[in-house]
Amino acid sequence: MELRLGAVVGSVDPDGLTLMSGTRIPADVVVTGVGVRPAVDWLKGSAVELDNGVVVDEHLRTSVPGVVAVGDCANWWSRRSGRRMRVEHWDNALGAPDTAAASLLGEDAVYDPVPYFWSEQFGRMVQFAGCRDGGRLILRGKPESDRKWAACWLTDDDRLAAVLTVDRPRDLVQGRRLIEAARRMDVARISDPAAPLRDCVLP
Ligand SMILES: Cc1cc2nc3c(=O)[nH]c(=O)nc-3n(C[C@H](O)[C@H](O)[C@H](O)COP(=O)(O)OP(=O)(O)OC[C@H]3O[C@@H](n4cnc5c(N)ncnc54)[C@H](O)[C@@H]3O)c2cc1C
């Protein structure tokens, strides 16, 4: 593999790429990875604190009383993770407004979901829940040959940190609950894809 940092693509052609420098790179397939930056420049200089998005507390309140922020731009404090999070997924944009509205109404609602996203790729349902954060990887099935498989990441003390599923929605639903409950897992059982994930917990 060769990394060409700082190289700007001039055009995508039928048989590859042409960089702005004029260099041609032949390719059968071109994969585009699109990054995201929150568009918060218009708030610069205001009383709304910014730091990788709009800084909000666990109630989604900004530094300005009566102003809340949700969605891709919101950088909130997660009790569960003990750190700030900014998540760019629909589930977050859908779920956070309830808490934000409750906060505006003076309630003590806390926003602290297990992050989740789904995407359909080449006819397969890909779902992910949790925060991987360098956890230990255990596969359920074989990605190279199985149509359906899952990957689990465990913390140092064997709690489920994150789960990725490909056409295994039950693993996702059960895994998400296990992450929420911070249950310790029976590591030896997890790698058996026939064992329901909810049965792979330690008593
Ligand atoms: C290519 C792509 C694929 C994605 N696929 C998935 C996926 O498969 N699964 C998943 O979970 N998530 C996916 N996402 C992420 C998901 O779309 C976002 O997390 C979600 O749309 C965020 O919602 P939002 O309301 O916070 O922000 P947005 O949907 O970005 O809405 C913000 C709106 O504010 C407007 N705006 C910005 N600045 C101003 C301003 N100054 N004044 C007025 N309006 C302004 C913008 O024009 C925009 O309409 C994808 C995103 C992209 C770009």
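Since we're looking at a predicted model, the values are computed, not measured. (Residues numbered from 1 in each chain as written. Predicted model: local features only at pLDDT ≥ 70, side-chain atom pairs only at ≥ 80, totals over all residues.)

(A) Looking closely at the site of the ligand. The immediate surroundings of the ligand are formed by 13 residues, with G71, H89, A93, F117 and S119 found nearest. Per-class residue counts for the shell around the ligand are seven nonpolar, three polar and three charged. Each of domain 2 (41–104) and domain 3 (116–199) accounts for three or more of the residues forming the shell around the ligand. (Near = placed C-beta within 6 Å. Nonpolar A, V, L, I, M, F, W, Y, C, P; charged D, E, K, R; others polar. Domains from an automatic or database assignment.)

(B) Structural context of the sheet that holds strand β5 (residues 74–78). In space, the three strands of this open sheet follow the order β4-β5-β6, with mixed pairing throughout. Strand pairing shows two members of the sheet lacking a second neighbour, β4 (54–55) and β6 (83–85), which therefore form its edges. With three bridges connecting them, β5 and β6 associate as antiparallel partners. Counted as the bridge partner of W76 is M85 from β6. (Pairing = 2+ DSSP bridges. Helix = DSSP H or I, 4+ residues; strand = E, 2+ residues; numbered from the N terminus.)

(C) Up close: the confidence of the model for the protein chain. Mean pLDDT over the protein chain works out to 95, with 100% of the residues at or above the 70 mark. The secondary structure element of the protein chain with the lowest average pLDDT is helix α3 (residues 187–190), at 94, and the one with the highest is β4, at 98. (pLDDT = per-residue confidence, 0-100.)

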